[in-house]
Amino acid sequence: MSDVISLPDPSEVAALFANRPALRVREAAAELGVPEAALVAALPGAVRLRADWPSLLEGLAEAGEVMALTRNDHAVHERHGIYRKPEIRGDVGCVLGPEIDLRLFFARWAHAWFVPAGLPGSPRGSIQVFDRTGAAVHKVFATEATRHDALVALAEHLASPDPPPQFQPPPSPRADPVEEAIEVATLRSDWLALGDTHDFGKLLRKPRIGRAQAFRLAGKELARPVAPLAVRRALEGAASGRLPITVIVPNAGTIQIHTGTVERLKETGAWFNVLDPRFNLHLHMPGLARAWLVRKPTAEGLVTSIEAFGPDDTPAVLLFGTHDPGGGEDDRWRALAEHAAEASPC
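Residues numbered from 1 in each chain as written. Predicted model: local features only at pLDDT ≥ 70, side-chain atom pairs only at ≥ 80, totals over all residues. Heavy atoms only, no water.

Student: Just to check I follow, could you spell out helix α5 (residues 148-158) for this structure?
Tutor: What sets the pattern is the α-helix's 3.6 residues per turn: residues three or four places apart point alike. Taken together, the buried positions of α5 are Ala 150, Leu 151, Leu 154, Ala 155 and Leu 158. Angularly, the buried residues of α5 cover 140 degrees about the axis, an arc narrow enough to put them on a single face. In α5, the exposed residues that point more than 90 degrees away from the buried face are Asp 149, Glu 156 and His 157. The secondary structure elements touched by the buried residues of α5 are β1 (47-49), α4 (53-60), β7 (111-115), β8 (126-130) and β9 (136-146). (Buried < 20%, exposed > 50% of the residue type's maximum accessible area, 1.4 Å probe, protein only. Helix = DSSP H or I, 4+ residues; strand = E, 2+ residues; numbered from the N terminus. Arc of directions from axis to C-beta. Contact = heavy atoms within 4.5 Å.)

Student: What should I look at first to understand the packing of helix α9 (residues 229-241) against helix α10 (residues 331-342) in this one?
Tutor: The relative placement of two packed helices is expressed as an angle between their axes plus a distance between the axes. For the pair α9 and α10, the least separation of the axes is 8 Å and the interaxial angle reads 140 degrees. For the element pair α9 / α10, the angle class is oblique. Crossing geometry of α9 relative to α10 is assigned as right-handed. Contact residues: Ala 230, Arg 233, Ala 234, Gly 237 and Ala 238 in α9; Trp 333, Leu 336, Ala 340 and Ala 341 in α10. Across the contact of α9 with α10, the residue classes break down as seven nonpolar, one polar and one charged. (Axes fitted to C-alpha atoms, helices over the stretch in contact; angles between N-to-C directions. Parallel < 35°, antiparallel > 145°, perpendicular 65-115°, else oblique. Left-handed = near helix turned anticlockwise from the far one by under 90°. Nonpolar A, V, L, I, M, F, W, Y, C, P; charged D, E, K, R; others polar.)

Student: How should the pairing of strand β12 (residues 254-260) be read in this particular structure?
Tutor: Each regular strand displays side chains that alternate between the two surfaces of the sheet. Of all seven residues making up β12, five are buried, and the element is well covered by its neighbours. Where strand β6 (residues 101-105) lies against β12, four bridges are found, and the strand directions are antiparallel. Across the sheet, residue Leu 102 finds its bridge partner in β12, namely Gln 256. Pairing geometry for strand β11 (residues 245-250) and β12, over six bridges, is antiparallel. Bridge pairing in β12 links Val 249 to Gln 256. (Pairing = 2+ DSSP bridges.)

Student: Got a minute to help me understand the side chain of His 282 in this structure?
Tutor: Structurally, His 282 is set in strand β15 (residues 279-284). Judged by relative accessible area, His 282 falls into the buried class, the value being 16%. A distance of 2.8 Å separates the side chain of His 282 from the side chain of Asn 273, its partner in a polar contact. Ignoring any residue separated from it by four or fewer positions in sequence, one finds His 282 in contact with His 74, Ala 75, Val 76, Glu 78, Trp 271, Phe 272, Asn 273 and Leu 275. (Polar contact = N/O pair within 3.5 Å; in protein donor to acceptor, adjacent residues only side chain to side chain.)

Student: How should I be thinking about unusual backbone geometry in this particular structure?
Tutor: Comment: phi is negative for the bulk of residues other than glycine, and the bulk of peptide bonds are trans. Unlike most non-glycine residues, Arg 242 shows phi in positive territory, near 50 degrees. Take Arg 242: it is sitting in the loop between α9 and β11. Although it is not a glycine, Asp 313 sits at a positive phi angle of roughly 65 degrees.

Student: When you look at the packing of helix α1 (residues 10-19) against helix α2 (residues 25-32) in this model, what are you seeing that I'm missing?
Tutor: The geometry of α1 relative to α2 is characterised by a closest axis approach of 11 Å and an angle of 125 degrees between their N-to-C directions. By the angle class used here, α1 and α2 are oblique. For the pair α1 and α2, the sense of crossing is right-handed. Every residue of α2 that contacts α1 at Glu 12, Val 13, Leu 16 and Phe 17 is listed here: Val 25, Ala 28, Glu 31 and Leu 32. Among the residues forming the contact of α1 with α2, the class breakdown is six nonpolar, no polar and two charged.

Student: Help me understand the pairing of β8 in this model?
Tutor: With five of five residues buried, β8 is to be regarded as a mostly interior element. Side-chain alternation along β8 places Ser 126, Gln 128 and Phe 130 on one buried face and Ile 127 and Val 129 on a second face that is also buried. Of the strand pairs in this sheet, β7 and β8 are connected by five bridges, and their pairing is antiparallel. Bridge pairing in β8 links His 111 to Phe 130. Sheet topology note: the β8/β9 ladder contains five bridges and is antiparallel. Residue pairing for β9: Phe 130 is matched across the bridge by Ala 136. A loop of five residues connects β8 with β9, the two strands running antiparallel in sequence, and Gly 134 in this loop sits at a positive phi of about 90 degrees.

Student: Please clarify how α4 should be interpreted in this entry.
Tutor: Here α4 has its buried residues at Trp 53, Leu 56, Leu 57, Gly 59 and Leu 60. An end-on view of α4 places all buried positions within 160 degrees of arc, on one side of the element.

Student: Can you walk me through the pattern of salt bridges in this structure?
Tutor: Side chains that differ in sign of charge can pair as their charged atoms come close. All chains considered together, the criterion is met by 26 salt bridges. Note that Glu 338 is salt-bridged to Arg 224, the shortest N-O span being 3.6 Å. Of the two residues, Glu 338 is situated in helix α10 and Arg 224 in strand β10 (residues 223-226); the sequence distance between them amounts to 114 residues. Residue class for Glu 338 comes out partly exposed when judged on its relative accessible area of 25%. Linking Arg 232 and Glu 267 is a salt bridge whose minimum nitrogen-to-oxygen distance equals 3.4 Å. Of this pair, Arg 232 sits in helix α9 while Glu 267 sits in strand β13 (residues 265-268), and the two are 35 residues apart along the sequence. Exposure remark for Arg 232: the relative accessible area of 18% places this residue in the buried category. Several salt bridges converge on common partners, so that one network encompasses Glu 65, Arg 79, Glu 99 and Arg 278. (Salt bridge = Lys/Arg side-chain N within 4 Å of Asp/Glu carboxyl O.)

Okay, here's the thing in structure tokens:
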């Protein structure tokens with residue numbers, strides 16, 4: 001890909017969707033050989049927005065119920081709910097609510113558009129955010145319960161007069177450190193000394209160990225390789241037992257979290273799906289290349305997760321339990337995760 005990425009011809013975009021109205025925007029962009037954001041920018045009526053992320057999030061809080069969507073190459077996480085007022089510290093933000101639960105990394109947010117209702121991929125209107133390469137980092141879709149006037153007013157307030165941006169080519173994947181140079185004993189001791197799972201990211205920054213790489217090196221009592229099928233087995237077990245769990249889908253700019261039950265599961269071709277009224281999860285199972293059963297100590301006891309990765313070792317989907325009334329991990333989740341792992345040996 002060259003250093004300058006041109007927008008597609010709007011007439012070419014219109015013809016593509018006219019001939020294939022069911023085509024997804026992401027797939028259409030791939031067919032045209034452009035970033036998804038370039039195709040969105042070429043849609044007639046799409047409004048480019050200023051990169052004022054605090055104002056955008058605060059405005060979304062006024063729009064009522066919406067559907068939040070975060071995806072990576074192998075998983076799509078969709079959650080209905082209301083955006084609570086964001087908590088922002090520098091380049092990091094949080095939206096903390098019982099339904100919309102997000103961790104936001106604004107250094108990776110670069111461009112945004114309001115896409116009016118009726119345009120491809122935006123049946124009732126949407127706000128779509130992309131990184132510098134034009135890859136989507138977060139989207140917000142209007143629903144029947146959305147205050148459409150508030151969404152339109154937000155788009156008018158943030159409308160940018162700037163011309164369409166140029167997009168950067170995707171960066172080369174960051175190489176993990178040579179494993180021979182990693183002090184495995186230090187990795188293990190730091191891991192065992194964790195007081196909070198949120199501190200795990202700090203552990204990986206010394207010396208920027210990849211998450212999957214840390215799992216490979218830590219030892220099987222801390223991270224045991226399992227087949228990616230363990231993710232499906234865990235979801236099936238949670239559904240049959242009506243067990244609340246935590247489902248996380250990350251990308252470079254956003255982490256989206258669902259905490260609650262999963263109920264309606266359906267396999268559609270290569271995709272395994274949760275299709276509940278207020279939460280949908282879509283997993284492209286062939287894209288889940290590796291998975292681990294992971295154990296992390298905390299001040300409240302052991303935390304167990306099943307974590308799956310794509311072929312390039314980027315996290316695709318993470319499953320955790322919830323807390324029991326005493327504050328520790330729900331024993332039922334731990335038993336389910338162990339069973340899913342045993343039923344899916346690597």
